[in-house]
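Okay, here's what each chain looks like letter by letter:
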Amino acid sequence: MLRDITIGQHFPGNSALHKLDPRLKIMLTIAYIVMLFVGTNPFGLLLSIVFLFVGYMVAKIPGRMVWRSIKPLLPVLAFTAILNLFFMAGTPVFQWWVITITWQGIYYAIIMAVRIVCLIAGTSLLTYTTSPIVLTDAIERLLSPLAKLHFPAHELAMMMTIALRFIPTLIEETDKIMSAQKARGAELDTGNIMQRIKALIPVLIPLFLSAFRRADELAMAMECRCYHGGEGRTRLRQLHITKQDIAITLGCVLLFVAVGFSGVLYTRLTGFA
């Protein structure tokens, strides 16, 4: 299960989405998240799924990567669907004892599950197509107007990117520690909740020690390279917005507007808000 977590992983490529300016990708990702919460109707979600499918096709990212990013969240999806399925008031479709399933519950259970899947897959597309260094530069450039207010834009961007980059490393380290403990006879998957929590102590202590050791090694490496923050710092790759970036952004904006109007169209056709 730990190996299925893909947060922070980068999938190298040479597609138009990989070459898209990272600042625009961050803003489009934020707009896509907003679109998912605004377009709560089937038309809007269908357009969101089509947009996501086209994005992954353009980036040439295999479908197994999408499944790996969604698989760890299947319990969350199931819990959310159950809450909407059994606790939503409306027209009953099935009743037994204290259990009541309504049409509205089925509708919102499907809507919420699709929205969560699109949310995870959409945010994963950003990290799949953007390297950590480029992502750091983009976040810093977006936060640069706040530097006039003495806001540590570079330091904040660096911390966010390092944290994101170390997620796959810590997951791999956790998997190795758990495998080593199981080889020594530790039972991590059996017993009640309290026994499982106690069994995780031999995993958490080495993991924390490893994380602190890696952080200390990273800090020492940055000091040896005379790193002193963003003041006077140059970049190997300069960010420039091209005509292709503008065309892709305009296409995405038109789609987002279409999703907004899809709610009005859905209300007029069905009579439901």
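Residues numbered from 1 in each chain as written. Predicted model: local features only at pLDDT ≥ 70, side-chain atom pairs only at ≥ 80, totals over all residues. Heavy atoms only, no water.

Topic: the overall build of the protein chain
For the protein chain, the helix and strand inventory stands at eleven helices and two strands. In sequence order, the protein chain lays out its α and β elements as α-α-α-α-α-β-β-α-α-α-α-α-α. When burial is assessed residue by residue, the protein chain has 33% of its 273 residues classed as buried. Of all intrachain contacts in the protein chain linking residues separated by at least 6 positions in sequence, the fraction that spans at least 24 positions is 73%. Working note: accessible area of the protein chain is about 17300 Å², and carbon and sulfur atoms make up 71% of it. (Helix = DSSP H or I, 4+ residues; strand = E, 2+ residues; numbered from the N terminus. Buried < 20%, exposed > 50% of the residue type's maximum accessible area, 1.4 Å probe, protein only. Contact = heavy atoms within 4.5 Å. Areas by Shrake-Rupley, 256 points an atom, 1.4 Å probe, with all protein chains shown as cover.)

Remarks on the packing of helix α4 (residues 63-70) against helix α6 (residues 103-128)
Look at α4 against α6: their axes get within 9 Å of each other, and the N-to-C directions meet at 120°. Between α4 and α6, the angle falls in the class oblique. Seen along the crossing, α4 lies across α6 with a hand that is right-handed. Across the interface between the two elements, Met65, Val66, Ser69 and Ile70 from α4 touch Val117, Ile120, Ala121, Ser124 and Tyr128 from α6. Here the contact of α4 with α6 is composed, by residue class, of seven nonpolar, two polar and no charged. (Axes fitted to C-alpha atoms, helices over the stretch in contact; angles between N-to-C directions. Parallel < 35°, antiparallel > 145°, perpendicular 65-115°, else oblique. Left-handed = near helix turned anticlockwise from the far one by under 90°. Nonpolar A, V, L, I, M, F, W, Y, C, P; charged D, E, K, R; others polar.)

Some details on the nonpolar core
Tyr32, Leu52, Tyr56, Ile61, Leu125 and Phe256 are the most contacted members of the largest nonpolar core, which has 25 residues in total. Among the elements of the structure, α2 (22-38), α3 (42-59), α4, α6 and α11 (243-270) are those that each provide at least two residues to this core. Examining the composition of this core, we find that six residues originate from one element, α6, more than from any other. Among all residues touching Leu52, those that are not within four sequence positions of it are Tyr32, Cys118, Ala121 and Gly122. (Core = buried A, V, L, I, M, F, W, Y, C linked by side-chain atoms within 4.5 Å.)

Describing the environment of Phe79
Along the chain, Phe79 turns up in helix α5 (residues 74-86). Note on Phe79: relative accessible area 53%, which makes it exposed. Once the C-alpha coordinates of Phe79 and Ala109 are considered, the two residues, 30 residues apart in sequence, prove to be 9.8 Å apart.

Overview of the packing of aromatic side chains
With the rule as written, the count across this model stands at three aromatic pairs. The interplanar angle of 70° and the centroid separation of 6.5 Å between the aromatic rings of Tyr56 and Tyr128 together place this pair among those described as edge-to-face. Here Tyr56, found in helix α3, pairs with Tyr128, found in helix α6; they are 72 residues apart in sequence, far enough to count as distant. On the basis of relative accessibility, which here comes to 7%, the residue Tyr56 falls in the buried class. (Phe/Tyr/Trp six-rings, centres within 6.5 Å; stacked < 30°, edge-to-face > 60°.)

Some points on the confidence of the model for the protein chain
Confidence along the protein chain averages 78 in pLDDT terms, with 88% of residues attaining 70 or more. Ranking the elements of the protein chain by mean pLDDT puts strand β1 (residues 92-96) last, at 71, and helix α1 (residues 16-19) first, at 86. (pLDDT = per-residue confidence, 0-100.)

Section: a nonpolar patch on the surface
Among the surface-exposed residues, Phe79, Ile82, Leu83, Phe86, Phe87, Val93, Phe94, Trp96, Trp97, Ile99 and Trp103 lie close enough to one another that they form a single nonpolar patch of about 1300 Å² accessible area. If you list the elements that add at least two residues to the nonpolar patch, you get α5 and β1. A per-element tally of the nonpolar patch places α5 first, with four residues. Here Leu83 lies in helix α5. Overall, Leu83 belongs to the partly exposed group, its relative accessible area being 39%. (Patch = residues over 30% accessible without salt bridge, like charges linked within 9 Å, V, L, I, M, F, W, Y side chains within 5 Å. Salt bridge = Lys/Arg side-chain N within 4 Å of Asp/Glu carboxyl O.)

A word on the pattern of salt bridges
Inspection of every chain in the model, using the stated rule, returns two salt bridges. With a closest N to O distance of 2.9 Å, Asp21 and Arg23 form a salt bridge. Like Arg23, Asp21 is buried. With a shortest N-O distance of 3.2 Å, Glu173 and Arg214 are connected by a salt bridge. Here Arg214 lies in helix α10 (residues 201-224) and Glu173 lies in helix α8 (residues 153-183), a separation of 41 residues in the sequence. The buried category is assigned to Glu173, whose relative accessible area is 15%. On the accessibility criterion, Arg214 (26% relative accessible area) is partly exposed.

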